[in-house]
Amino acid sequence: MTQIQIEPHSTSAPATPPADAPNSRTLWGLDPTQLFTRYWAAHGVQVVRQGERSEIVKHAELYLLTDPSSLPLFSLRSVVDTLNWVRPHIMFLRIHDARERGYREWVMTDADGNFVRFQRVYDSPEQLARVVLTCDDDVAQLWQSSVDPRTAWKRIKRFTRKSDRTTQSIEGTVFNRFDDHDVSECVHELVARWRRPDSTVARAAKINGDAWRDPQAKIDATSKFVGPVWVGAGRTVPPGSTVIGPSVMWDDPAVAPPSEAIQWLEIVPTAPPLEPLPRDAGFIYRFCKRGFDILFALFGLICTLPLYPFIMLAIYLEDGRPFFFGHMRETIGGREFPCWKFRSMRKDAEKMKAELAKLNQADGPQFFMENDPRLTKTGRILRKLNFDEFPQFWNVLIGDMSVVGPRPSPYKENQFCPGWREARLSVRPGITGLWQVKRTRRAGTDFQEWIKYDIEYVETRTFWLDLKIIWKTYSEIFSKLSRS
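The text that follows walks through the structure, step by step, so that each part is easy to find. What you see is a predicted model, and the numbers here were worked out from it, not measured in a lab.

### Quick look at the pattern of salt bridges
The final tally for this structure, using the stated rule, is 11 salt bridges. For glutamate 52, the salt bridge identified is with arginine 177, shortest N-O distance 2.6 Å. Separated by 125 residues along the polypeptide, glutamate 52 in the loop between strand 2 (45-49) and strand 3 (62-66) and arginine 177 in the loop between strand 10 (173-176) and helix 5 (180-193) bring together distant segments of the chain. The partner of aspartate 198 in a salt bridge is arginine 196, and the shortest N-O contact between them spans 2.9 Å. On the basis of relative accessibility, which here comes to 23%, the residue aspartate 198 falls in the partly exposed class. Residue classification places arginine 196 among the partly exposed residues on the basis of a relative accessible area of 32%.

### A few points about unusual backbone geometry
At the junction of glycine 245 and proline 246, the peptide bond is cis and its omega measures out at 5° in the coordinates. Positionally, proline 246 belongs in the loop between strand 17 (242-244) and strand 18 (247-249). Cis geometry is found at the peptide bond from arginine 321 to proline 322, where omega equals 0°. Located in the positive-phi region is tryptophan 28, a residue other than glycine, with phi close to 55°. One can find tryptophan 28 in the loop between strand 1 (2-5) and helix 1 (32-41). Its relative accessible area of 2% is what places tryptophan 28 among the buried residues.

### Quick word on a nonpolar patch on the surface
Taken together, the side chains of Phe283, Ile284 and Phe287 present a nonpolar region at the surface, about 410 Å² in accessible area. Inspection of the secondary structure puts phenylalanine 287 in helix 6 (residues 283-304). Of the residues examined, phenylalanine 287 reaches a relative accessible area of 58% and is grouped as exposed.

Reading the values: rules and limits
Residues numbered from 1 in each chain as written. Predicted model: local features only at pLDDT ≥ 70, side-chain atom pairs only at ≥ 80, totals over all residues. Heavy atoms only, no water. Salt bridge = Lys/Arg side-chain N within 4 Å of Asp/Glu carboxyl O. Helix = DSSP H or I, 4+ residues; strand = E, 2+ residues; numbered from the N terminus. Buried < 20%, exposed > 50% of the residue type's maximum accessible area, 1.4 Å probe, protein only. Patch = residues over 30% accessible without salt bridge, like charges linked within 9 Å, V, L, I, M, F, W, Y side chains within 5 Å. Areas by Shrake-Rupley, 256 points an atom, 1.4 Å probe, with all protein chains shown as cover.

The values are spatial; any link to function lies outside them.
This is how it looks when you write it as structure tokens:
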């Protein structure tokens, strides 16, 4: 019995497969796997496959370690924060490919070629692939020289300490390099997402918009391109034609150019992401917000002042004076000010912090320990109930802070992520804010969420949003008090 594949049904929109297998086609002298490799090289990443001998390039910023059959595509932005702050020796990535898949249908015939039946094979609804990111060329060499994927995974785990490794799950797409249908989809996605193929492909020349051509292609001046289109060597686009992308016109096999080595030191950098633009709040909003801050701060001081003697007495009985601690933070325009709190830590807390630096559990420049030994018994209670922040009403009253705003942070922390720094220093920091009420507290994501929600607040702030944040904060504090 033999089988013949007929037109596959798919809910995605892959590029139209050519008459012969996509793996045998070239574009600008490069086959699909080489195009995939050039895409990652444009991001400073060298693809290293287990068992495939090639030079490990010293100029690559990262190495993407994968098995010989996988073509993984994902956004580096989703992992760059972890790479910058945690700085792992190696990062294990679990790529969840949740593309909506269809099925393939086969015509089954007997030995004489007579029809027997149709056979339909459904693709799996979700795939999970594992790859590795590392900046260590020795790890890349170790992976490449392994005889099979199982051995490669074992070797790199033995080569690195557990404390030097991290794992992250992300969304992405993973194509099978040896499946022609998957290869067509992979090229389709490369065309859709790769805006600057000329960064690593010398033959790619821009036509207009997102269309790129080979120097040997013949493009009539009256032809139009809608969406991203790649035109290979020897191809002709006749007068008046309209080519709709994402699409590929592969090289004419008769004139296919030879492939050229990647010039790592001459890679054209991709355009950096746009820095966040602070929302231009009008005079009325600023006036109302400042007036609200003054009234709220006065009300807060009047309501909390009766608790001050009891809090100060508890601090004094356990650890003596001082009662207050003013840590230097930055406010609007980068001006420094003492951010006042009831002292919740031991007097030698700063000295202990240097000794505890290796135990830092935060994923960013700040310091955090779940069971911080620097906290006094009184301090733990104050922090649990947020009573340590009562003196910040004074900061709000004198104009250093606002009731709602980004989390106040010191100069040292604000030197990270310049775009984030400039956005958050365009407004006064707040006693509470969007980050405080929306963060998930998931391990390894707190700093990323801090950046995300601070920028979101600066870009979308309104008086109504401030009121919602205050209500959410009040609800959380009341819930803590009711549980105590």
